[in-house]
Amino acid sequence: MSKLKHARLMPETQRGVVCDLSGGLQESFRCKDPENMSAVASYLVRAMCECGSTMGMTNCEKISIAGPGYAASVFSDEKNIWIFELEPNWSQREFEKKFESAQLSAVK
Amino acid sequence: MKRILDELCEMEGINGVFICNDDGDLIEFSSPRDFDAITLSQTATVAARAAETISVQHHTWDCLVAHFAEGKLIFSKFSQCLLCAIAEPSSNVAFLNVAIKVARNKIQRKLESSNIAAATMRPNSEFGLGGQIYADGAIGTAGSMAAGQAVAAHGMYSTGLIENWTGSDHRMENFDLSDAGSGVMGYGPGEASVSSTSVRVADNATSNTLNRVAEALAELVGPKAHALVLEAMQKVCPSQPFSKNHLKPLQKTIEKEYIAGWKDLRQFRKSLQR
């Protein structure tokens, strides 16, 4: 089953990628350069995990990035990393909630 | 700066705050709890690397929140520095983000008032881990400007000022694109600089067109448009004066970097033709 099925249909998402923890691309939608996007996200998750473990925090579950006219959310579990670039006019927080609950119900 | 960080640290939900430069050197920190300078220094190095990584994909980002089971790391990028807050897992990120932005603006104002650009912030062991901020190059003088020099003079933007522009500073409301020539807000023939590198505009016609480009972009991204156009100008022609030959590549850069979606692209092009 597609790992991006739910996210693809959400109005907030511009483009999305799912990859493994080493950055190996698995699936993507509406991406010009999904390999690059997955590599950047994988590196970022590793760096954040390193930051966290230095400070006694484990498991980086989510990274929210925002800037002028730009928002992206990165989710990770023990197997995969999901990266989404979002429509700037939509709420990033709402999207993250929706995605997390969709993931949770998929697991159930 | 220490006092600003201390104030931020007193906020409910924040366990520690530090500031580092883009090389990952710890500049200043405040941590009433467990985190010592060595731990924060290690984190700063990795955080700077992570910040650089995101810039590969999107160089305009200014806020990053990493959520862990045991807490949150909130990063705010400004000039060439990174302000990081270590927060509790239950903390309200939106609320803390506001506090962090306020602290960030205060630090920037401090930098501006002393005419020191954050681009040249380097820790100095003589002053302890707290570090000392100093400028490597000429300060407050007009004229030629080499990359890396900190200049805050008429017709030029200090790094800090640009950052305030892109942030939520009240000055944005007074944003006047037609103020060409003054060098403060418009693209008059002369010099304008962003991120400590100058861009010259060759003639009046080009500066008028640049104003039109900024106006068109402002319809999509708001008052930050001016800073984005300057950034794009710097990319397109970092060394020579910006002339009409550079307008096409500038448009391409802006469309590629700052405009998301075909609808916005169509609107931008339409606005340019007006």
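Computed from a predicted structure; not experimentally measured. (Residues numbered from 1 in each chain as written. Chains lettered and ligands numbered in written order. Predicted model: local features only at pLDDT ≥ 70, side-chain atom pairs only at ≥ 80, totals over all residues. Heavy atoms only, no water.)

Engineer: For the overall build of chain A, give the residues involved together with the corresponding values.
Structural biologist: Helices and strands together make up the secondary structure of chain A, namely 3 helices and 5 strands. Ordering the α and β elements of chain A from the N terminus gives α-β-β-α-β-β-β-α. For chain A, buried positions account for 49% of its 108 residues. Contacts spanning at least 24 positions in sequence make up 44% of the contacts within chain A whose residues lie at least 6 apart. Approximately 5,300 Å² of chain A is accessible, and the part contributed by carbon and sulfur atoms is 52%. (Helix = DSSP H or I, 4+ residues; strand = E, 2+ residues; numbered from the N terminus. Buried < 20%, exposed > 50% of the residue type's maximum accessible area, 1.4 Å probe, protein only. Contact = heavy atoms within 4.5 Å. Areas by Shrake-Rupley, 256 points an atom, 1.4 Å probe, with all protein chains shown as cover.)

Engineer: Report on the state of the cysteines, specifying residues and quantitative values.
Structural biologist: All names here are of chain B. Scanning the model with the defined rule gives 0 disulfides over all chains in all. Between Cys20, a free cysteine, and Cys84, which holds the nearest cysteine sulfur, the sulfur-to-sulfur gap is 7.7 Å. Taking relative accessible area as the criterion, Cys20 reaches 0% and is therefore assigned buried. (Disulfide = S-S within 2.5 Å.)

Engineer: Explain the packing of aromatic side chains to me, using residue names and the numbers behind them.
Structural biologist: All names here are of chain A. For the coordinates displayed, the defined rule picks out 7 aromatic pairs over all chains. Here Phe75 and Phe99 contribute two aromatic rings whose centre-to-centre distance is 4.4 Å and whose plane-to-plane angle is 35°, an arrangement assigned as tilted. Taken together, the residues span a long stretch of sequence, with Phe75 in strand E4 (residues 70-76) and Phe99 in helix H3 (residues 92-107) at a distance of 24 residues. No difference in accessibility class separates Phe75 from Phe99, as the two residues are buried. Ring pairing ties together the aromatic residues Phe75, Trp82, Phe84, Phe95 and Phe99, which thus form one cluster. (Phe/Tyr/Trp six-rings, centres within 6.5 Å; stacked < 30°, edge-to-face > 60°.)

Engineer: Please give an account of the interface of chain B and chain A that cites residues and values.
Structural biologist: Listed by partner, the interface residues are 32 residues for chain B and 29 residues for chain A. Surface buried jointly by chain B and chain A totals about 2,800 Å² across both partners, of which 66% is contributed by carbon and sulfur atoms. On the chain B side of the contact with chain A, B:Gln57, B:His67 and B:Phe68 bury the most area, a combined 21% of that side's loss. The interface formed by chain B and chain A holds 1 salt bridge in total. Applying the counting criterion to the chain B and chain A interface returns 9 residue pairs in polar contact (both at pLDDT 80 or more). (Buried area = accessible area lost by both parts, 1.4 Å probe. Salt bridge = Lys/Arg side-chain N within 4 Å of Asp/Glu carboxyl O. Polar contact = N/O pair within 3.5 Å; in protein donor to acceptor, adjacent residues only side chain to side chain.)

Engineer: Explain helix H5 (residues 204-221) of chain B to me, and be specific about the residues and the numbers.
Structural biologist: Compared with an ideal rise of 1.5 Å per residue, which puts 18 residues at 26 Å, H5(B) spans 25 Å between its outermost C-alpha atoms and is within 8% of the ideal. For H5(B), the full list of buried residues reads B:Thr206, B:Ser207, B:Leu210, B:Asn211, B:Val213, B:Ala214, B:Ala216, B:Leu217 and B:Val221. (Expected span 1.5 Å × (residues − 1).)

Engineer: Go over unusual backbone geometry, please, and point to the residues and values.
Structural biologist: All names here are of chain A. Look at Arg30: it is not a glycine, yet its phi comes out positive at around 50°. You can see Arg30 is positioned in the loop between strand E2 (25-29) and helix H2 (34-54). Although it is not a glycine, Asn59 adopts a positive phi angle of roughly 55°. Its location among the elements puts Asn59 in the loop between H2 and strand E3 (60-67).

Engineer: Any chance you could break down the pattern of salt bridges for me, citing the residues and the numbers?
Structural biologist: Residues and elements named next belong to chain B. Tallied over the full model, the rule gives 11 salt bridges over all chains. Between Asp6 and Lys2 there is a salt bridge, and its shortest N-O distance comes to 3.9 Å. Of the two residues, Asp6 and Lys2 both sit in helix H1 (residues 2-9), 4 residues apart, roughly one turn of that helix. A relative accessible area of 28% places Asp6 in the partly exposed class. Among the residues examined, Lys2 registers a relative accessible area of 36% and is labelled partly exposed. With its nearest N and O atoms 3.3 Å apart, the salt bridge here joins Glu257 to Lys235. Note that Glu257 is positioned in helix H7 (residues 247-258) and Lys235 in helix H6 (residues 225-236), a separation of 22 residues in sequence. Residue Lys235 is classed as partly exposed on the basis of its relative accessible area, which comes to 39%.

Engineer: Give a detailed account of the environment of B:Leu265, specifying residues and quantitative values.
Structural biologist: By the element assignment, B:Leu265 lies in helix H8 (residues 262-273). Dropping the residues within four chain positions of it, B:Leu265 is found in contact with B:Glu255 and B:Ile259.

Engineer: Could you give an account of the sheet that holds strand E4 (residues 72-78) of chain B, with specific residues and numbers?
Structural biologist: Spatial ordering of the open sheet is given by E2(A)-E1(A)-E5(A)-E4(A)-E3(A)-E3(B)-E4(B)-E5(B)-E1(B)-E2(B), a layout of 10 strands whose pairing is antiparallel. Only two strands of the sheet have a single partner each, and these edge strands are E2 of chain A together with strand E2 (26-30) of chain B. With strand direction ignored, the average angle separating the axes of adjacent strands in the sheet is 15°. Strand direction decides the pairing type here: E3(A) and E4(A), joined by 6 bridges, are antiparallel. Paired with A:Gly67 across the strands is A:Tyr70, a residue of E4(A). Against the sheet, helix H2 (residues 37-57) of chain B contacts E3 and strand E5 (80-86) of chain A together with strand E1 (14-21), E2, strand E3 (63-68), E4 and strand E5 (81-87) of chain B, and its axis sits at roughly 120° relative to E2(B). Contacts from helix H3 (residues 93-113) of chain B reach E1, E3, E4 and E5 of chain B within the one sheet, and its direction differs from that of E4(B) by about 35°. (Pairing = 2+ DSSP bridges. Axes fitted to C-alpha atoms, helices over the stretch in contact; angles between N-to-C directions.)

Engineer: Could you give me a rundown of the packing of H5(B) against H6(B), with the residues and numbers involved?
Structural biologist: All names here are of chain B. Interhelical geometry of H5 versus H6 gives an angle of 125° and a closest axis separation of 8 Å. Classified by the interaxial angle, the pair formed by H5 and H6 is oblique. Here the hand of the crossing between H5 and H6 comes out right-handed. Contacts between H5 and H6 involve Leu210, Val213, Ala214, Leu217, Ala218 and Val221 from the first element and Ala225, Leu228, Val229 and Met233 from the second. A class-by-class count of the residues in the contact of H5 with H6 yields 10 nonpolar, no polar and no charged. (Parallel < 35°, antiparallel > 145°, perpendicular 65-115°, else oblique. Left-handed = near helix turned anticlockwise from the far one by under 90°. Nonpolar A, V, L, I, M, F, W, Y, C, P; charged D, E, K, R; others polar.)

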